[in-house]
Amino acid sequence: MFSLAEVCDEISRQIREVSGQLSMCEWSIYAEVLDENCPAIQEELTRMREKFWSPSTVNSEQQNQSNKELYDPIQKCWESLDYCIFQETFFPIIKGLSIDEIFSSHLICASLVYQWGKSIASDNEHIASEAFKLASSLFDKCIGMVWFKAYVDKKNKLSKVRVKAGKKGGDSKAEVYKIIQEKFVELIYQYAPEEGWKSKVAAVNELIDPLWSFVEDSDFLVKEQSKKYRLAYSDKIILIDAILNRWATKVESIRLAFDTTVRKKRKGN
């Protein structure tokens, strides 16, 4: 059988664990509830003392006892508190509220019943023990939820970093492609026959060698750093496919260059 002191030590350990995990996730805003001087918790404790321990309540309850039993404010307060905690922790779950709301209700109730148990421990060890058991159970659930929250927050943070890195990498890759595309536009105008290119395919076939030489010889400096390793084109065939099937229609400068230099087919021919 554990003593009240041992149970309190275990709950203190649980509180430290919850507090430590809270510091690593977005639920850190709830950490103040764990402070034994938390204004909201102290206000509720004061309200319960005024309700169940006030002379008017004691006299009224004793007069209403049919069997003339003495009114026990600790017992009455515990019955009310136990029921309220059941409502506050059970109904958010069955109502499908967010895990944030479920966690906050559990944490508040755990801290409240723990502080209440300490306040009546010297007067009624049995009920204090019941309060501590309930507090420990609630803190255990809080630990599980805050572990999960810390894991999710860490995972989301890592995903954001990866997205940001991917976007940065994509921007660098786009800048490399832009250099090749600008060179290709230059070659289109430079080598276009007076009568124009017979077709886009003919232009690409004619220009791929000087363009490929440019790709092989260039270091593709972006912000004074080489980005050549970001090239996805390992040979001329892949580059030709990119030009004809994507760049010719999706890159505005290349599309306009082809419109300007490729012969227009006459109707009926």
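**Observations regarding the packing of aromatic side chains**
What the rule picks out here adds up to 8 aromatic pairs. Between the aromatic rings of Tyr114 and Phe132, the centroid separation amounts to 5.7 Å while the plane-to-plane angle is 55°, which identifies the pairing as tilted. Residue Tyr114 is found in helix H5 (residues 99-120), and its partner Phe132 is found in helix H6 (residues 125-191); the two are separated by 18 residues along the sequence. Given a relative accessible area of 5%, Tyr114 falls into the buried group. Three or more aromatic residues joined by ring pairs make a cluster, and in this case those are Trp27, Tyr30 and Phe103.

**Concerning the pattern of salt bridges**
Charged atoms that come close allow side chains of opposite charge to pair. Scanning the entire structure with this criterion turns up 12 salt bridges. Here Arg255 makes a salt bridge to Glu252, at a shortest N to O gap of 2.7 Å. Residue Arg255 and its partner Glu252 are both found in helix H9 (residues 252-261); the two are separated by 3 residues, about one turn of the helix. Classification of Glu252 as partly exposed rests on a relative accessible area of 45%. Here Asp259 ties to Arg255 by a salt bridge, and the two come within 3.1 Å at their closest N and O atoms. Residue Asp259 and its partner Arg255 are located together in helix H9, separated by 4 residues, close to a single helical turn.

**Topic: helix H4 (residues 73-94)**
Taking 1.5 Å per residue as the helical rise, H4 with its 22 residues ought to reach 32 Å, and the 32 Å between its terminal C-alpha atoms agrees with that figure. Among all positions of H4, only Pro73, Ile74, Cys77, Trp78, Leu81, Ile85, Thr89 and Pro92 are buried. An end-on view of H4 places all buried positions within 120° of arc, on one side of the element. Of the residues that open H4, the one with a side-chain oxygen 3.1 Å from the backbone nitrogen of Ile74 is Asp72. Looking one or two residues past H4, Gly96 carries a phi angle of roughly 70°, positive in sign.

**Side note on the packing of helix H1 (residues 4-22) against H5**
Axis separation between H1 and H5 bottoms out at 12 Å; the angle between their running directions is 150°. In this view, H1 runs roughly antiparallel relative to H5, as classed from their interaxial angle. Seen from above, H1 lies across H5 with left-handed handedness. Each of Cys8, Ile11, Ser12, Ile15, Val18 and Leu22 in H1 lies in contact with H5, whose residues at this interface are Phe103, Leu107 and Tyr114. Of the residues in the contact of H1 with H5, the class split is 8 nonpolar, 1 polar and no charged.

**What about the nonpolar core?**
Nonpolar side chains in soluble globular proteins generally cluster together in the buried interior. In terms of nonpolar packing, the biggest core is built from 43 residues, with Leu107 and Trp116 touching the most fellow members. At the level of elements, H1, helix H2 (39-53), H4, H5 and H6 are the ones that each hand at least two residues to this core. Element by element, the count of residues in this core is highest for H6, at 12 residues. Filtering out sequence-adjacent residues up to four positions away, Trp116 remains in contact with Leu45, Met48, Trp53, Ile74, Cys77, Trp78, Leu81, Ile127 and Ala131. Core analysis: the next-biggest nonpolar cluster, separate from the first, contains 25 residues, Ile180, Leu187, Ile240 and Ile254 among them.

Conventions used here
Residues numbered from 1 in each chain as written. Predicted model: local features only at pLDDT ≥ 70, side-chain atom pairs only at ≥ 80, totals over all residues. Heavy atoms only, no water. Phe/Tyr/Trp six-rings, centres within 6.5 Å; stacked < 30°, edge-to-face > 60°. Helix = DSSP H or I, 4+ residues; strand = E, 2+ residues; numbered from the N terminus. Buried < 20%, exposed > 50% of the residue type's maximum accessible area, 1.4 Å probe, protein only. Salt bridge = Lys/Arg side-chain N within 4 Å of Asp/Glu carboxyl O. Expected span 1.5 Å × (residues − 1). Arc of directions from axis to C-beta. Polar contact = N/O pair within 3.5 Å; in protein donor to acceptor, adjacent residues only side chain to side chain. Axes fitted to C-alpha atoms, helices over the stretch in contact; angles between N-to-C directions. Parallel < 35°, antiparallel > 145°, perpendicular 65-115°, else oblique. Left-handed = near helix turned anticlockwise from the far one by under 90°. Contact = heavy atoms within 4.5 Å. Nonpolar A, V, L, I, M, F, W, Y, C, P; charged D, E, K, R; others polar. Core = buried A, V, L, I, M, F, W, Y, C linked by side-chain atoms within 4.5 Å.

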